[in-house]
Every structure is written in structure tokens, then in C-alpha cells.
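Fold and geometry: a report
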Amino acid sequence: MQCQWLNNHPNNVSEGSVSHLEEQKVTEPLEATPVHFKTQFAGYMEMYSDADTVANYLNAHQGWFCRCAAPMKTEPIGNNGYILTVGRFGSFGYDVEPKLAVVLEPSINGIYNMHSIPIPDEPYLGYEVDYQASMTIKEVPSHVASAGIKKAFKKQNNTQLPEIITKVEWHLGMDVAVQFPKFIHKLPLSMIQKTGDRLLTQIVRQISPRLTYKVQEDFHSGHNLPIPPKTSRHLEKIEESSLEEAA
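Residues numbered from 1 in each chain as written. Predicted model: local features only at pLDDT ≥ 70, side-chain atom pairs only at ≥ 80, totals over all residues. Heavy atoms only, no water.

A word on the packing of aromatic side chains
Given two aromatic rings, their pairing is described by the distance between the two centres and the angle made by the two planes. Rule in force here: Here a pair means two rings of Phe, Tyr or Trp (six-membered ring of Trp) with centres within 6.5 Å. Their orientation is stacked below 30 degrees between planes, edge-to-face above 60, and tilted elsewhere. The numbering of helices and of strands both runs from the N terminus, where a helix is a DSSP run of H or I of at least 4 residues and a strand a run of E of at least 2. With a 1.4 Å probe rolled over the protein chains alone, any residue whose accessible area is under 20% of its type maximum counts as buried; one over 50% counts as exposed, and the rest are partly exposed. Note on criteria: charge over ring means Lys NZ or Arg CZ within 6 Å of the ring centre, with the direction from the centre no more than 35 degrees off the ring normal.
Counted under the stated rule, the structure contains 6 aromatic pairs. Ring centres 5.2 Å apart and planes at 75 degrees place the aromatic pair Tyr 57 and Phe 219 in the edge-to-face group. Residue Tyr 57 is found in helix α3 (residues 51-59), and its partner Phe 219 is found in helix α6 (residues 189-222); the two are separated by 162 residues along the sequence. Accessibility assignment for this pair places Tyr 57 and Phe 219 in one class, buried. Cluster of aromatic residues (ring-pair linked, three or more members): Tyr 57, Trp 64, Phe 65, Tyr 82 and Phe 219. Sitting over the face of the ring of Tyr 44, Lys 167 holds its NZ or CZ atom 4.3 Å from the ring centroid.

The following block contains the structure:
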């Protein structure tokens with residue numbers, strides 16, 4: 001997906017200069033110093049079952065991860081890893097099709113960690129992705145569930161709500177280091193930084209909610225449970241100011 005940020009946000013670089021950059025060859029040598037783009041998010045989803053049932057499902061990710069990650073291309077590696085091809089993104093006439101390899105570590109005391117690893121047998125692609133995520137599961141009373149749980153069960157002709165449900169909470173952080181062709185560096189670094197950060201955030205906002213919904217749908221359909229409504233899942237970007245205050 002082409003980044004449309006430039007079209008919607010005016011900047012100090014003239015349209016003519018951007019067009020001139022886009023006409024240049026992307027085959028130019030890459031700059032030695034990469035530019036880092038970072039973003040962090042937190043979110044949750046509700047599962048209408050007990051924690052043990054949810055944990056068993058999450059632990060058996062070989063049976064659902066590739067299916068739920070679609071339309072991203074996925075390729076299993078080892079017992080707990082996957083290579084993901086996210087899609088095509090870009091700006092300033094420079095496009096990339098990001099790929100990353102991730103490992104889902106076995107849970108420890110209800111905590112799941114997921115992190116990136118180097119892509120096996122892959123030449124350097126001009127960028128590196130550092131992905132770190134943690135996920136926790138905990139049981140909560142159903143009366144504190146998000147609005148819509150009663151309606152969801154009623155649609156299934158079931159007026160009896162479970163006493164407990166499971167809340168899955170996560171935090172993810174990404175640091176992407178990109179070595180751009182030299183012609184990109186003719187633009188102000190602040191502009192490159194701002195656009196790259198926005199694009200990285202856009203990618204997460206597109207992929208995470210879709211994956212969350214598909215996991216909920218897959219789990220609840222497989223356990224003959226009503227699919228939770230949109231209010232049962234949440235994603236928010238963690239701003240730098242919040243991180244600084246927490247530190």
C-alpha cells in the first residue's frame with residue numbers, strides 16, 4: 001500500500017523537488033547510516049472462555065497463526081517461528097515489501113513473549129526490524145466485560161453468561177532501521193523521520209486489529225461460542241511523552 005501521508009499533509013519541500021526525487025533511480029547506493037523509525041502500541045481482546053482453554057489455544061499456534069495472519073504471506077520456521085511478508089509500503093518514490101521473522105516463545109506463568117530474529121538464509125534487504133511483544137492472559141468476571149457481551153450471547157439463543165472470561169493484554173514495540181538510497185537523503189531528515197514514523201504506525205494500525213479479530217473469530221467459532229463485538233478489542237498507540245513519564 002502506498003503511503004498517502006504526503007498527499008494529505010503539506011510540508012516545506014516543494015512538489016517539484018519531490019517529483020524530481022521520485023524520478024531518480026532507486027538502484028543508487030545505500031547510505032551507510034540507517035534511519036530508525038519507532039512505534040509502540042498496547043491493546044487487549046476478550047475471549048469468552050476460561051484462561052486454561054484460551055492458553056491451550058494460544059499454545060497451539062501452529063494450527064491458527066498462518067490462517068489468521070492472512071492476507072499476509074506466512075512461512076513457518078522451526079517449531080515456534082514464522083516469516084511474515086507484510087505487504088508493499090513506501091513513500092518518496094521508494095517502496096519496500098517488509099519481511100520479518102518472529103518467534104513465539106512458550107508461555108511462562110501466563111506471559112507470552114514474541115520477538116524478531118534474523119531471517120534465515122536471506123540476503124540483507126536494506127532494513128532491519130526489531131520487534132518485541134509481550135502478552136498476558138487473566139480471568140476476569142464477565143460483568144466487567146466490554147459492552148455487547150449480552151447481545152452476543154443472545155444472538156446465539158443463550159441468555160446465560162459465563163461467570164468468567166479471559167482478557168488478553170499485550171504490548172508491542174518496533175524499531176525499524178532503514179538504509180535509504182542517497183537520493184532520499186536530499187530531503188530534510190526531520191521530514192524523513194516524521195513520514196517513516198507515521199507509516200510504521202499506519203502499518204500496525206492496519207495489521208493488528210485485523211489479526212485480533214481473526215483470532216477471536218477463529219477461537220470462538222471453534223469452541224461454539226459467540227464472536228465478541230468490536231468493543232471487546234482495543235488498540236492504542238503509546239506516545240513518547242507517556243513513555244518518558246513512566247520512566
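Re α3
To be explicit about the condition: Along the arc lie the directions from the helix axis toward the C-beta atoms. Contacts between residues were defined by any pair of non-hydrogen atoms, one from each residue, lying within 4.5 Å. The definition of a polar contact used here is a pair of N or O atoms within 3.5 Å, where within protein one atom must be able to donate a hydrogen and the other to accept one, and adjacent residues in sequence count solely through side-chain atom pairs.
If you check which residues of α3 are buried, you get Ala 51, Val 54, Ala 55, Tyr 57 and Leu 58. With its buried residues spanning 160 degrees around the axis, α3 presents them on a single face. Exposed and facing more than 90 degrees away from the buried side of α3 are Asp 52 and Asn 56. Here the buried face of α3 lies against β1 (35-47), α4 (65-69), β7 (111-117), β8 (127-141), β9 (164-178) and α6. Backbone nitrogen of Asp 52 and a side-chain oxygen of the N-cap are separated by 3.2 Å at the start of α3; the cap is Asp 50.

The values are spatial; any link to function lies outside them.
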